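Observations on the three-dimensional arrangement
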Amino acid sequence: MIIKRVIRVLIVDDSKLFREFLINGLQDDPSLEVVGWASDPYMARDKILELKPDVMTLDIEMPRMDGIEFLKKLMPQRPMPVVVVSSIDTRVFEALHAGAIDYVTKPAGKSPQNMNMMIKELAVKIKIASTANLSQMKRRFGRDEVAVGARHERVTKSIIVIGASTGGTEATHNILKELTPNMPPILIVQHMPPVFTKLYADRMNSTCTLNVKEAENGEEVKNNYVYIAPGDMHMKVIRG
C-alpha cells in the first residue's frame, strides 16, 4: 500500500478575505492541508516554529514588515519552500532572489473562473515547491555574490539555448551574471506568464554584461544578446 504524504501549508497574507479564499480553495485538494495562517511576518515566524509547515505562501505587501524583508531574514536562518502570492509587480523578482521558489499572481479580475484557475496553479506550485532541495540555501545566503567569468577569445557559429521552469528564474540569472562579452546568441524559454517576461528581461539586462531582452517575432539573433521568449510562447530559430 502506498501512502501519499500530505503537504502542510501555512498561509501568510494580511487580507482576511483573501486568506479565507486561499484556505478554502487549497483544502479542496486532498494532498494539501492548510495548518495555519498569519497576517504579518511576525505572526508567521511564530507559526513556522509552532506548526512546522512544509510550504509557506507569502504575500509581498504587508504591514509591519513586507514579504521581501521577511524572506531575507528567514532564509539564512531557516530555509523553507516559499511560494509568493502577489499582484503583478516587479518586486516578485526580488522575492525570488531572496529565496522564494516560485510565485503566483493574484487574479486581476474576481470572476470565479479566474479565481479557480489561480487556486489550481497555486496548488501545483506548492506541490513542486515541497520537493525543493534547500540544503544549499544557508551557504548561498552566507556568502557575497561575485560575478566571475572567463573571457572567450572567439565566437563559434553556435547558439546557446536554456529551458527552465520552477526555480529557474534565479538559476538562469546566476548563470548569465557570470558570462562576459564575446558570447554567441543565448535563447531562453522560461515558464512564466505574459507581462512578467518583459519585466524579467529588463531586470536581468540591468545586472548582466550581456544585452538581455524579450524576443520579438522575426528579429535577427546577435552575439552578446540574450533573448527571452514572451510568456506563454515557445521559440523557433530559422536559418537565413
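What counts, and at which threshold
- Residues numbered from 1 in each chain as written.
- Predicted model: local features only at pLDDT ≥ 70, side-chain atom pairs only at ≥ 80, totals over all residues.
- Heavy atoms only, no water.
- Pairing = 2+ DSSP bridges.
- Helix = DSSP H or I, 4+ residues; strand = E, 2+ residues; numbered from the N terminus.
- Axes fitted to C-alpha atoms, helices over the stretch in contact; angles between N-to-C directions.
- Contact = heavy atoms within 4.5 Å.
- Buried < 20%, exposed > 50% of the residue type's maximum accessible area, 1.4 Å probe, protein only.
- Arc of directions from axis to C-beta.
- Polar contact = N/O pair within 3.5 Å; in protein donor to acceptor, adjacent residues only side chain to side chain.
- Parallel < 35°, antiparallel > 145°, perpendicular 65-115°, else oblique.
- Left-handed = near helix turned anticlockwise from the far one by under 90°.
- pLDDT = per-residue confidence, 0-100.
- Phe/Tyr/Trp six-rings, centres within 6.5 Å; stacked < 30°, edge-to-face > 60°.
- Lys NZ or Arg CZ within 6 Å of the ring centre and 35° of its normal.

1. Thoughts on the sheet that holds strand β3 (residues 55-58)
Spatially, 5 strands are ordered β2-β1-β3-β4-β5 in an open sheet, and the strand pairing comes out parallel. In this open sheet, the two edge strands, each paired with only one partner strand, are β2 (32-38) and β5 (102-105). Between one strand axis and the next, the sheet turns through 25 degrees on average, direction left out of account. Two strands pair when backbone bridges link them, and β3 and strand β4 (residues 82-86) are joined in this way by 3 bridges, in the parallel orientation. Among the inter-strand pairings, Thr57 is bridged to a residue of β4, identified as Val83. Running over the sheet, helix α1 (residues 16-27) touches β1 (7-12), β2, β3 and β4 and is turned about 165 degrees from β2.

2. Things to note about the sheet that holds strand β8 (residues 211-214)
Taken in spatial order, the 4 strands make up an open sheet running β6-β7-β9-β8, and their pairing is parallel. Because the sheet does not close on itself, it has two edges, and the strands there are β6 (160-164) and β8. Across the sheet, the axes of successive neighbouring strands diverge by a mean angle of 20 degrees, strand direction being ignored. Direction of pairing for strand β7 (residues 186-190) relative to strand β9 (residues 225-228): parallel, over a ladder of 3 bridges. Residue pairing for β9: Ile186 is matched across the bridge by Val226. In the packing of helix α7 (residues 168-177) onto the sheet, the strands contacted are β6, β7 and β9, and the crossing angle to β7 comes to about 165 degrees. Along the sheet, helix α8 (residues 196-205) contacts β7, β8 and β9; its crossing angle with β8, the most-contacted strand, is approximately 170 degrees.

3. Considering the side chain of His173
Here His173 shows up in helix α7. Residue class for His173 comes out buried when judged on its relative accessible area of 3%. With sequence-adjacent residues up to four places away left out, His173 is seen in contact with Tyr200, Arg203, Met204, Thr207 and Cys208.

4. Regarding helix α2 (residues 41-51)
Turning to α2, its buried residues number three or more, namely Pro41, Ala44, Ile48 and Leu51. Down the axis of α2, the buried set is contained in an arc of 100 degrees. They therefore lie on one face. In this structure, α2 carries Leu49 and Glu50 as exposed residues pointing more than 90 degrees from its buried face. Those residues of α2 hidden inside the fold are in contact with β1, β2, β3 and α3 (67-77). For α2, the N-terminal capping position is held by Asp40, with its side-chain oxygen 2.9 Å away from the main-chain nitrogen of Tyr42. Just beyond α2, the residue with positive phi is Lys52, at close to 50 degrees.

5. So, the packing of α1 against helix α5 (residues 112-129)
Taken N-terminus to C-terminus, the directions of α1 and α5 make an angle of 65 degrees; their axes are 10 Å apart at the nearest point. One element, α1, and the other, α5, form an angle in the roughly perpendicular class. As α1 packs across α5, the resulting crossing turns out to be right-handed. Mapping the contact onto sequence places Phe18, Phe21, Leu22, Gly25 and Leu26 in α1 and Met115, Met118, Ile119, Leu122, Ala123 and Ile126 in α5.

6. A look at the confidence of the model for the protein
Chain-level statistics for the protein give a pLDDT mean of 84 and a share of 88% at 70 or above. Here residues 143-155 is modelled with pLDDT under 50, and outside its nearest four sequence neighbours on either side it reaches 19 contacts, counting other chains as well.

7. Examining the packing of aromatic side chains
For the structure on display, the rule yields 5 aromatic pairs. A ring pair is formed by Phe18 and Phe21, whose centres lie 5.6 Å apart and whose planes are at 45 degrees; its orientation type is tilted. One end of the pair is Phe18 and the other is Phe21, both in helix α1 and 3 residues apart, which spans about a single turn. Ring centres of Phe93 and Phe196 lie 5.9 Å apart, and the angle between their planes is 75 degrees; this geometry places the pair in the edge-to-face category. Placement of the pair is Phe93 in helix α4 (residues 91-97) and Phe196 in helix α8, with a sequence separation of 103 residues. The exposure class assigned to Phe93 is buried, which follows from its relative accessible area of 1%. Judged by relative accessible area, which is 1%, Phe196 ranks as buried. Across from the ring centre of Tyr103, 5.3 Å away, lies the NZ or CZ of Lys125, which sits over that ring. When the ring centre of Tyr225 is taken as reference, the NZ or CZ atom of Lys222 above it lies at 6.0 Å.

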